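Now for the letters of each chain:
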Amino acid sequence: MALLREPERASLRSRAASIGGGLATYLDIRTARVLGRCPAQLPILYLEVVQQCNLRCLHCAYASNYPVRGPLLDTAQWQGVLREASQLHTRIVSFSGGEPFLRDDFLQLLAFADDLGLSIHVNSNGTRITDDHARALSRLRNCAIIFSLDHAAPGLNDAVRGKGTYDAVQQAVSRVRRLAPNVHVGLNTVIGPFNLGTLEALVDLGAAWDVHSVKFLPAHDNLNHSWRATPLADRFVFHPRHVTAVRQELEAVKRRATRLGIATNSRRFLRGIERFILGQPTVPCYVGYLIGNIDPYGFLFPCYDIASDAPNVLEGGLAQAWRSPAMARLRAQVGRCEARCWCSGNAEPSLRMQPALFLREPAQFLDDIRMYFLEGH
């Protein structure tokens, strides 16, 4: 075996040091949750940058019932949040709303996050994407944009999300894939009784549209939709009678996605949907430790089920809010939380924090360390 040259040895040393730093962050966050203290870093940050949405999807009353809690953060204030996130070693910043492209300064915020070296995720309903938007996305170094679609059949999708939404998403996907081929493009599907039996068709559609991922998220009647004027109808939320059909369909979805080379939810997340439906314990949740949420008014909290009396980043900044006694009180609720939820944005990272994953899937464990805990990944 040929000896490694010095540049190759230096590269290996650098990679080993990075992995070591990532493992140290992983252990710090696990320890922080056990002890109920503030972690040194904030790896994942979800930002709701707007309270408005131009759609009125039947399973979401966001646009009409979102509570007014004060002044909305402006451009400079969001830039301050992003700057402090970088100082807190945030790796992934996820932008959503409402519909984030309703902000006139949204592309400016994305460019600012990119300049800081943050990995950018954007959640959009796809109805506002223009060629100029796609070109701007192409200039970002590490960006994923995820569009919402609930049916592979245009009429069924539009019956839930609004007339013309299927065509808008198709056009948005086409624009981004054509003008920003470096951007990861995915589809997110809310699942419930209303589209059970149609999910494999969405994977096929994703392959036909040349997207990178198709992921499935069970409908909730809590979390950030807890302020609905009326409860979700039975057609949108799974009940125990659906468990067998859900299990069979999601197993088929996973096989189909693997065969077509399309990323989808982890097997553990898909299996967890069954436990969610039955109201059974899932895994220890890491909101408030691995993950932070900021709403359009600047309130920082673990998740919407643990959000009352949250600190505000307008009062001293993100770092102060992250380390504040108010945030500590919210973290104390995480360990004893009994809310029935299985949100992929919180559940998938929490699944990755389980040390048993290293024993069963060491390669996946190291890949997760790279994704969540290595800067500049």
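Definitions and limits used
- Along each chain, numbering runs from 1 in the same order as the chain's sequence is written.
- It should be noted that, the model being predicted, local features are given only for residues of pLDDT at least 70 and side-chain atom pairs only at 80 or more, the latter also being counted only at that level, while totals for whole chains, interfaces and linings use all residues.
- As a rule here, side-chain values cover all heavy atoms of the structure and leave hydrogens and water aside.
- Labels follow the DSSP assignment, with helices taken as runs of H or I lasting at least four residues and strands as runs of E lasting at least two, numbered in each case from the N terminus.
- Accessibility here uses a 1.4 Å probe with only protein chains present; expressed as a share of the type maximum, an area under 20% marks a residue as buried, one over 50% as exposed, and anything in between as partly exposed.
- Here a residue-residue contact requires only that any non-hydrogen atoms of the pair lie within 4.5 Å.
- Computed with the Shrake-Rupley method and a 1.4 Å probe, the accessible areas treat only the protein chains shown as cover for residues.
- The pairing test for Phe, Tyr and Trp rings, Trp by its six-membered ring, is centres within 6.5 Å, and the orientation test on the planes gives stacked under 30 degrees, edge-to-face over 60, and tilted for anything in between.
- Placement of a charge over a ring requires the Lys NZ or Arg CZ to be within 6 Å of the ring centre, with the centre-to-atom vector within 35 degrees of the ring normal.
- Patch construction takes residues with relative accessible area above 30% that form no salt bridge. Like charges are linked within 9 Å, and nonpolar side chains (Val, Leu, Ile, Met, Phe, Trp, Tyr) are linked within 5 Å.
- Salt bridge, as used here: a side-chain nitrogen of Lys or Arg that lies within 4 Å of a carboxyl oxygen of Asp or Glu.
- In summary, the charge assignment counts Lys and Arg as positive and Asp and Glu as negative, without counting His or the chain termini.
- Charge positions come from single atoms, namely NZ of Lys, CZ of Arg, CG of Asp or CD of Glu.
- Criterion for a disulfide: a pair of cysteine sulfur atoms within 2.5 Å.
- In this analysis, the expected span of each helix is defined as 1.5 Å times one less than the number of residues it contains.
- The directions considered for the arc run from the helix axis to the C-beta atoms.
- Using protein atoms alone on a 1 Å grid, points that fit a 1.4 Å probe yet trap it form a cavity, whereas open point sets bounded by protein on both sides within 12 Å along at least five of seven lines form a pocket; residues with an atom within 4 Å of a point count as lining.
- Grid points are joined across faces, edges and corners, and a volume is the space filled by probe spheres set on the points.
- Following the grouping adopted for this structure description, the nonpolar residues are Ala, Val, Leu, Ile, Met, Phe, Trp, Tyr, Cys and Pro, the charged ones are Asp, Glu, Lys and Arg, and the polar ones are all others, Gly among them.

Enquirer: Break down the overall build of the protein for me, citing the residues and quoting the values.
Expert: Along its length, the protein carries 15 helices and eight strands. Taken across its 377 residues, the protein has 52% of its residues classed as buried. Pairs at least 24 apart in sequence give 76% of the contacts found in the protein among residues at least 6 apart. Accessible area of the protein: about 16,800 Å², with a carbon and sulfur share of 53%.

Enquirer: Got a sec to walk through the packing of aromatic side chains? Specific residues and values, please.
Expert: Tallying each qualifying case throughout the model produces six aromatic pairs. Between the aromatic rings of Tyr166 and Trp209, the centroid separation amounts to 5.5 Å while the plane-to-plane angle is 65°, which identifies the pairing as edge-to-face. Remark: Trp209 occurs in helix 8 (residues 199-209) and Tyr166 occurs in helix 7 (residues 165-179); sequence separation between them is 43 residues. For the pair formed by Tyr166 and Trp209, the shared burial category is buried. With a centroid separation of 5.4 Å and 10° between ring planes, the pair formed by Phe269 and Trp342 is classed as stacked. In this pair, Phe269 is assigned in helix 10 (residues 267-278) and Trp342 in the loop between helix 12 (325-334) and helix 13 (344-352), connecting sequence segments 73 residues apart. When sorted by exposure, Phe269 lands in the same class as Trp342, which is buried. Through successive ring pairs, a cluster of aromatic residues spans Phe95, Phe101 and Phe106. Between the NZ or CZ atom of Arg69 and the centre of the ring of Phe299, over which it lies, the distance is 4.0 Å.

Enquirer: Can you lay out a positive patch on the surface for me, pointing to particular residues and giving the numbers?
Expert: Taken together, the side chains of Arg255, Arg259, Arg267, Arg271 and Arg360 define a basic patch exposed on the protein surface. Where the positive patch is concerned, the elements lending two or more residues are helix 9 (243-260) and helix 10. Summarising the element assignment, Arg267 is placed in helix 10. A residue is classified by how much of its surface remains accessible, and Arg267, at 42% relative accessible area, is partly exposed.

Enquirer: Talk me through the state of the cysteines; I want residue IDs and the actual numbers.
Expert: Defined simply, a disulfide is a covalent bond joining two cysteines at their sulfur atoms. A full pass over the atoms with the stated rule returns zero disulfides. For Cys60, which is in no disulfide, the shortest distance to another cysteine sulfur is to Cys57 and amounts to 6.2 Å. Counting only cysteine sulfurs, Cys303 is the nearest neighbor of Cys337, a cysteine outside any disulfide, at a range of 6.0 Å. Assessed through its relative accessible area of 35%, Cys337 is described here as partly exposed.

Enquirer: Residue-level account of helix 7, with values.
Expert: Taking 1.5 Å per residue as the helical rise, helix 7 with its 15 residues ought to reach 21 Å, and the 21 Å between its terminal C-alpha atoms agrees with that figure. Summarising the contacts, the buried residues of helix 7 are in contact with helix 5 (131-138), strand 4 (143-148), helix 6 (154-161), strand 5 (184-191) and helix 8.

Enquirer: Which residues make up helix 8, and what values do they have?
Expert: Within helix 8, the full set of buried residues consists of Leu199, Leu202, Val203, Leu205, Gly206 and Trp209. Angular distribution of buried residues about the axis of helix 8 spans 160°; they occupy a single face of the element. Each element contacted by the buried residues of helix 8 is listed here: helix 7, strand 5, strand 6 (213-218) and helix 9. Trailing helix 8 by a residue or two, Asp210 shows a phi angle of about 65°, which is positive.

Enquirer: Describe in detail the layout of surface pockets, supporting the description with residues and values.
Expert: In this model, the second largest pocket occupies a volume close to 510 Å³. With three residues, the top contributor of residues to the lining of the second largest pocket is helix 13. Residues of the lining of the second largest pocket, tallied by class, amount to 16 nonpolar, five polar and three charged.

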